[in-house]
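What the coordinates show
These are the residues of each chain, in order.
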Amino acid sequence: MIEQVRLGETDLNVSKLSFGAAPLGGAYGDFTQRDADTAVRTALDYGITTFDTSPYYGKGRSEEVLGQALKGINREAFTVITKCGRYDVASFDFSADRVRRSIDESLSRLKLDHIDLLLCHDIEFDDPETIIFETLPALREVVKSGKVRALGVSGLPLGIFRTVLDETPLDAILSYSHACLNDDSLTEMMPYFDAKKVGVIAASPLSMGLLTHAGPPDWHPATPELRDAVSRAVHYCEERDLDLSDIAISWSYRLNGPASLLVGMNNPATVHANVKAAQREYDPETIHKVRSFFDNVQRLSWPSGRWGDPEPAKLP
Ligand code: NAD
């Protein structure tokens, strides 16, 4: 069974391996509601009790599909994370009115009466002042109403978390593509997050499908050098009957600090594979060799939003 851990200082328990529902929005290829239902039930059977979605994933489809799959399951048996503020590739609105409405829309699509953790989604696409002085205060009022239990933010550049947390407390943050074989920069921020008593969720150990034998989706932002390094790692693994994705999940799962590792899944076979990968520990030589393919591109990320990375944005 996958272990349960407390998320930061909240009263929420999360599973150490969690179910990323971006694929339930269709971003990683097609699936049926039946695939999703079976994937969710299989995950729960393994003790994967934490599910992460967003209004952005498939423009509401992910929340709807997840809500349908969770229908009839005891509400105490799972934790749902959803988000607000991002609605499409280039559609953002972190205004107080919009995020309040967004929560009601999410609850309706999810068929739930409360959200366990609400994250402001990809905050680097708005101004820090809006997030800190408008969005979060409005959301704190929603927490008082009971519709949301805990609050946080998500995004790519690690500097965004410092900018917010230096100014105001949060229950949790979600960082993605920074706790991977090719980019472990999140680990350096763990002492800071611990000092701020913030729960950390590390998402995308495959860096959004990059560290797979099938290769990333068309929209993936990785540079050609990074893709090249992945191809060489894949080739090395294939010659030895190893699976790069399994190695990546196993390695990220063992990183100290984050409460939970969030992997995207939309069918039961992927759930089985990911539990198996998390439970398998690879020998240090294999890890060392596979990681060495990323030596020249280690921590090579890509631009996202307008706050700049890695330095935190300056507030007036
Ligand atoms: P990921 O790194 O988890 O990769 C997902 C892709 O890899 C999918 O195509 C999936 O089918 C495939 N995959 C999963 N397990 C596999 C395996 N064992 N072998 C081969 N392929 C496998 O990327 P992700 O789904 O984007 O990230 C995980 C979750 O984290 C998302 O679903 C989402 O819930 C969350 N997330 C949030 C943010 C944010 O808030 N800004 C950003 C990224 C991810």
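Structure shown above.
Here's a quick rundown of the structure. (Residues numbered from 1 in each chain as written. Predicted model: local features only at pLDDT ≥ 70, side-chain atom pairs only at ≥ 80, totals over all residues. Heavy atoms only, no water.)

Turning next to the overall build of the protein. Within the protein, the regular secondary structure consists of 10 helices and 12 strands. Relative to the globule expectation of 20 Å for 316 residues, the C-alpha radius of gyration of the protein, 18 Å, shows essentially globular dimensions. Summarising its shape, the C-alpha atoms of the protein cover approximately 55 × 50 × 35 Å along the three principal directions. Expressed as a percentage of its 316 residues, the buried residues of the protein come to 58%. Within the protein, contacts between residues at least 6 apart in sequence are counted, and of these 77% link residues at least 24 apart. Within the structure as shown, the protein displays about 13400 Å² of accessible surface, and the carbon and sulfur contribution to it stands at 47%. Put simply, the protein has 33 plus and 46 minus side-chain charges, and the middle of one group is 3 Å from the middle of the other. (Helix = DSSP H or I, 4+ residues; strand = E, 2+ residues; numbered from the N terminus. Rg over C-alpha atoms; globule rule 2.2 N^0.38 Å. Buried < 20%, exposed > 50% of the residue type's maximum accessible area, 1.4 Å probe, protein only. Contact = heavy atoms within 4.5 Å. Areas by Shrake-Rupley, 256 points an atom, 1.4 Å probe, with all protein chains shown as cover. Lys, Arg positive; Asp, Glu negative; His and termini not counted. Charge placed at Lys NZ, Arg CZ, Asp CG, Glu CD.)

Tallied over the entire structure, the rule returns 1 cavity of 30 Å³ or more. A volume near 60 Å³ is recorded for the largest cavity. Residue lining of the largest cavity: Lys16, Ala202, Ser252, Tyr253, Leu255, Pro258, Ala259, Ser260 and Leu261, and that is the complete set. Only α8 (244-253) and β12 (260-264) provide two or more residues apiece to the lining of the largest cavity. For the lining of the largest cavity, the class distribution of residues is 6 nonpolar, 2 polar and 1 charged. (1 Å grid on protein atoms, 1.4 Å probe; cavity = no way out; pocket = protein on both sides within 12 Å on 5 of 7 lines; lining within 4 Å. Points joined across faces, edges and corners; volume = space filled by probe spheres on them. Nonpolar A, V, L, I, M, F, W, Y, C, P; charged D, E, K, R; others polar.)

Below, the discussion takes up the site of the ligand. Neighbouring the ligand are 28 residues, the closest being Tyr28, Asp52, Asp122, Gly264 and Asn274. Within the contact set of the ligand, an oxygen atom lies 2.9 Å away from a side-chain nitrogen or oxygen of Ser154. Interatomic distance of 3.0 Å between a backbone N/O atom of Met208 and an oxygen atom of the ligand. In isolation the ligand exposes 830 Å². Once the protein is present, 88% of that is buried. Where the shell around the ligand is concerned, the elements lending two or more residues are β10 (172-176), α8, β12 and α9 (268-279). For the shell around the ligand, the leading source of residues is β12, giving 3 residues. (Near = heavy atom within 4 Å. Polar contact = N/O pair within 3.5 Å; in protein donor to acceptor, adjacent residues only side chain to side chain.)

Our focus in this paragraph is the nonpolar core. Membership of the largest hydrophobic core comes to 108 residues, with the highest contact counts inside it found for Phe19 and Phe193. Considering each element in turn, this core owes the most residues, 7 residues, to helix α7 (residues 224-239). (Core = buried A, V, L, I, M, F, W, Y, C linked by side-chain atoms within 4.5 Å.)

Here the focus is the sheet that holds strand β8 (residues 115-120). Pairing is parallel around the closed barrel formed by 8 strands, whose spatial order is β3-β4-β5-β8-β9-β10-β11-β12. Ignoring which end each strand starts from, the neighbouring axes of this sheet average 30° apart. Sheet topology places strand β4 (residues 50-52) next to strand β5 (residues 79-84); 3 bridges connect them, and they run parallel. Within β5, the residue paired with Asp52 across the bridge is Ile81. (Pairing = 2+ DSSP bridges. Axes fitted to C-alpha atoms, helices over the stretch in contact; angles between N-to-C directions.)

All right, on to unusual backbone geometry then. In the Ramachandran plot, Ser207 falls in the positive-phi region, its phi being about 50° despite a non-glycine side chain. Note on placement: Ser207 falls in the loop between β11 (199-203) and α7.

According to the stated counting rule, one finds 19 salt bridges in the structure shown. Taking the shortest distance from any N to any O, the salt bridge between Asp97 and Arg100 comes out at 2.9 Å. One end of the pair, Asp97, and the other, Arg100, are both in helix α3 (residues 96-110), 3 residues apart, so they sit about a helical turn from each other. By relative accessible area, which is 37% here, Arg100 ends up partly exposed. When salt bridges that share partners are traced, they join Asp11, Arg75, Asp116 and Arg149 into one network. (Salt bridge = Lys/Arg side-chain N within 4 Å of Asp/Glu carboxyl O.)

Looking now at the packing of aromatic side chains. In the structure shown here, the tally under the stated rule is 7 aromatic pairs. Between the aromatic rings of Tyr56 and Tyr57, the centroid separation amounts to 5.9 Å while the plane-to-plane angle is 45°, which identifies the pairing as tilted. Centre to centre, the rings of Tyr236 and Phe293 are 5.3 Å apart; their planes meet at 50°, and the pair counts as tilted. Here Tyr236 is found in helix α7, whereas its partner Phe293 is found in the segment after α10 (284-292), with 57 residues between them in sequence. Phe293 shares its class with Tyr236; the two are buried. Taken together, Phe161, Tyr192 and Phe193 form an aromatic cluster joined through their ring pairs. For Arg86, the ring lying beneath its charged end belongs to Phe125, and the centroid distance is 5.0 Å. Note that Arg98 overlies the ring of Tyr87, its terminal NZ or CZ placed 4.3 Å from the centroid. (Phe/Tyr/Trp six-rings, centres within 6.5 Å; stacked < 30°, edge-to-face > 60°. Lys NZ or Arg CZ within 6 Å of the ring centre and 35° of its normal.)

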